[in-house]
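Results of the structural survey
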Amino acid sequence: MRQQRRRVLWPVLGIVLASVCGVAVVGIAVDETSGGATLVATMLALLPVMLLVGTFLWLDRWEPEPGWNLLFAFLWGAGVATLGALLINSAVGVTYGPMASAVVSAPVVEEALKGLFLVGMLWWNRQQLDGVVDGVVYAGLTAAGFAFVENIFYLGRAFDIDPSEGWLTFVLRGVVSPFAHPLFTVFTGIAVGLAARRRGVLPKLLFPVVGYLLAVTLHALWNGAAVWDDGGAFFSIYLMVMVPLFVGMIALALWQRHRERRTVVDFLPRFAAAGWIGWDEVPWLTTMSGRHRWRREAQASAGSKVARALRVYQTVVTELAFLSDRIARGMVGHHAPVWHAQIVHELAAARAEAFAQPNTAVPAVGGRQRGPNGGVER
């Protein structure tokens, strides 16, 4: 029951809360701009967010995070973080002026509100954080949700002023720098991912603070470039700071994704030796293309239901590999036996479901196929 609350109930309640905040933010946007401008702004804001979400979901392919958590992350950014930032930044702007709001309040408040979701994952749902890639994915989706709603505000106001102003804003925010918010928050995500692979309380306290400070610094530099000297430093900061950091983050994410594959490859023979998977399954679990081909052939021979069950089975295999790696490195602590037993049980159930149909088979070289116990299927 406790695991059920953690995996389903709390994410669902969080989604409801975030959705309510999101509706409130949309209501404010509609109240401040004309209906036509809001509609155009929403449609245009969808374009960069679809690219961002698709990119982070692609990065998450080896061990897809639970859908509830991913949706919660996006809605947290779009609802809770956006509404909180809007209220606080508006108050600071009225009290101290727009410069203080843009350069001081916005970076500090927005990165804190987005980062709260990641810190919550670290402290209360750490089992779902296997490392840097997971931290980047959750950070990216939270920031994508925030950027989506923020773009609706900026674009709606710009189109209300003048259509040409609206299209210029779209080019600057949706084409030139759609990755800005994810890039800021990814620093917190990386720090949280690193903290999840460390034992003890100190890393869970220190690492997120360091990541947050880096995110705030970069965010303040970016916002400052847009207002200092009438925006004269914007493109210099963009080319000399943002673009290199963006390229570096891509390289880091791809490297970490490669490390995830190596972890899976290293542990698959051990799982086969333990009898948890079949030896003939190992070659088809080591690459994404192999997994995809296996599912495609399962769908052709046994139907979509079996192919979906096979996808779940492949995901649980990866989860067990990641957890085994963390346990081997001493990064889990006293939760290790419980978490390991739980995932081994899930693996057995997922494998039984995937091979429930008698014509489900493992692809094999030479035109023959093998069943779940290695027997040749005629």
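Reading the values: rules and limits
- Residues numbered from 1 in each chain as written.
- Predicted model: local features only at pLDDT ≥ 70, side-chain atom pairs only at ≥ 80, totals over all residues.
- Heavy atoms only, no water.
- Helix = DSSP H or I, 4+ residues; strand = E, 2+ residues; numbered from the N terminus.
- Rg over C-alpha atoms; globule rule 2.2 N^0.38 Å.
- Buried < 20%, exposed > 50% of the residue type's maximum accessible area, 1.4 Å probe, protein only.
- Contact = heavy atoms within 4.5 Å.
- Areas by Shrake-Rupley, 256 points an atom, 1.4 Å probe, with all protein chains shown as cover.
- Lys, Arg positive; Asp, Glu negative; His and termini not counted.
- Charge placed at Lys NZ, Arg CZ, Asp CG, Glu CD.
- Patch = residues over 30% accessible without salt bridge, like charges linked within 9 Å, V, L, I, M, F, W, Y side chains within 5 Å.
- Salt bridge = Lys/Arg side-chain N within 4 Å of Asp/Glu carboxyl O.
- Axes fitted to C-alpha atoms, helices over the stretch in contact; angles between N-to-C directions.
- Parallel < 35°, antiparallel > 145°, perpendicular 65-115°, else oblique.
- Left-handed = near helix turned anticlockwise from the far one by under 90°.
- Nonpolar A, V, L, I, M, F, W, Y, C, P; charged D, E, K, R; others polar.
- Polar contact = N/O pair within 3.5 Å; in protein donor to acceptor, adjacent residues only side chain to side chain.
- Expected span 1.5 Å × (residues − 1).
- Bend = angle between axes of the 7 residues up to and from the residue.
- pLDDT = per-residue confidence, 0-100.

The number of helices and strands found in the protein is 13 helices and three strands. In terms of overall dimensions, the protein is globule-like: its C-alpha atoms have a radius of gyration of 23 Å, near the 21 Å expected for 378 residues. With respect to the three principal axes, the spread of C-alpha positions in the protein is 75 × 45 × 40 Å. Here the protein, with 378 residues, has 52% of them falling under the buried criterion. Counting contacts in the protein only where the partners sit at least 6 residues apart, residues at least 24 apart contribute 74% of the total. Within the structure as shown, the protein displays about 17,600 Å² of accessible surface, and the carbon and sulfur contribution to it stands at 68%. The protein carries 31 positive and 25 negative side-chain charges, and their two centres are separated by 14 Å.

This next bit is on a nonpolar patch on the surface. A cluster of nonpolar side chains, Leu39, Met43, Leu46, Leu47 and Met50, forms an exposed patch at the surface whose accessible area comes to about 490 Å². Tracing the backbone through its elements, the reader meets methionine 50 in helix H2 (residues 35-59).

For the rest of this paragraph, the subject is the packing of helix H7 (residues 180-196) against helix H9 (residues 234-273). Packed helices, taken two at a time, are described by the angle between their axes plus the distance between the axes. Running from amino to carboxyl end, H7 crosses H9 at an angle of 50°, the nearest separation of the two axes being 11 Å. Compared by their axis directions, H7 and H9 come out oblique. The two elements H7 and H9 cross, and the hand of that crossing is left-handed. Across from Ala180, Leu183, Phe184, Val186, Phe187 and Ile190 in H7, the residues of H9 making contact are Met242, Leu245, Phe246, Met249 and Leu252. Looking at the contact of H7 with H9 residue by residue, the class counts come to 11 nonpolar, no polar and no charged.

In this structure, serine 90 sits in helix H3 (residues 67-96). For serine 90, a relative accessible area of 38% corresponds to the partly exposed category. Along the backbone, serine 90 and serine 101 are 11 residues apart, and their C-alpha atoms lie at a distance of 7.4 Å. A distance of 2.6 Å separates the side chain of serine 90 from the backbone oxygen of leucine 86, its partner in a polar contact.

On to H2. The end-to-end C-alpha distance of H2, which contains 25 residues, comes to 36 Å, matching closely the 36 Å that a straight helix rising 1.5 Å per residue would cover. The largest bend in H2 comes to about 25°, at leucine 47, with the proline proline 48 one to four residues further on. Residues of H2 that are buried include every one of Ala37, Thr38, Ala41, Leu44, Ala45, Pro48, Val49, Leu52, Phe56 and Leu59, and no others.

Packing of helix H5 (residues 132-161) against H7 brings their axes to within 7 Å, and their N-to-C directions diverge by 150°. Of the possible angle classes, the one that applies to H5 and H7 is roughly antiparallel. As H5 runs across H7, the sense of the crossing is right-handed. Contact residues: Val132, Gly135, Val136, Ala139, Gly140, Ala143, Ala144, Phe146, Ala147 and Glu150 in H5; His181, Pro182, Thr185, Val186, Gly189, Ile190, Gly193 and Leu194 in H7. The residue makeup of the contact of H5 with H7, split by class, is 11 nonpolar, six polar and one charged.

A few words now on the confidence of the model for the protein. When pLDDT is averaged across the protein, the result is 87; 91% of the residues are at 70 or more. No element of the protein has a lower mean pLDDT than strand E3 (residues 376-377), which averages 37, and none a higher one than H7, which averages 94. Every residue in residues 365-378 is under pLDDT 50, and counting partners more than four places away or in other chains gives 27 contacts.

Counted by the stated rule, this structure contains eight salt bridges. Put simply, arginine 173 and glutamate 150 hold a salt bridge, and the shortest N to O gap is 2.6 Å. With arginine 173 in helix H6 (residues 163-176) and glutamate 150 in helix H5, the pair connects residues that are 23 residues apart, well separated along the chain. In this structure arginine 173 comes out as partly exposed when scored by relative accessible area, which is 23%. With its nearest N and O atoms 2.8 Å apart, the salt bridge here joins arginine 293 to glutamate 297. Here the residue arginine 293 and the residue glutamate 297 both occupy positions in helix H11 (residues 288-302), the gap between them amounting to four residues, near one helical turn.

As for its position among the elements, valine 306 is in helix H12 (residues 304-328). Each C-alpha atom of the pair valine 306 and phenylalanine 146 lies 37 Å from the other, and the pair is 160 residues apart in sequence.

Turning next to H6. The first and last C-alpha atoms of H6 sit 18 Å apart over 14 residues, in line with the 20 Å expected at 1.5 Å per residue. Burial in H6 covers these residues: Gly166, Thr169, Phe170, Gly174 and Val176. Close packing links the buried residues of H6 with H2, H5 and H9.

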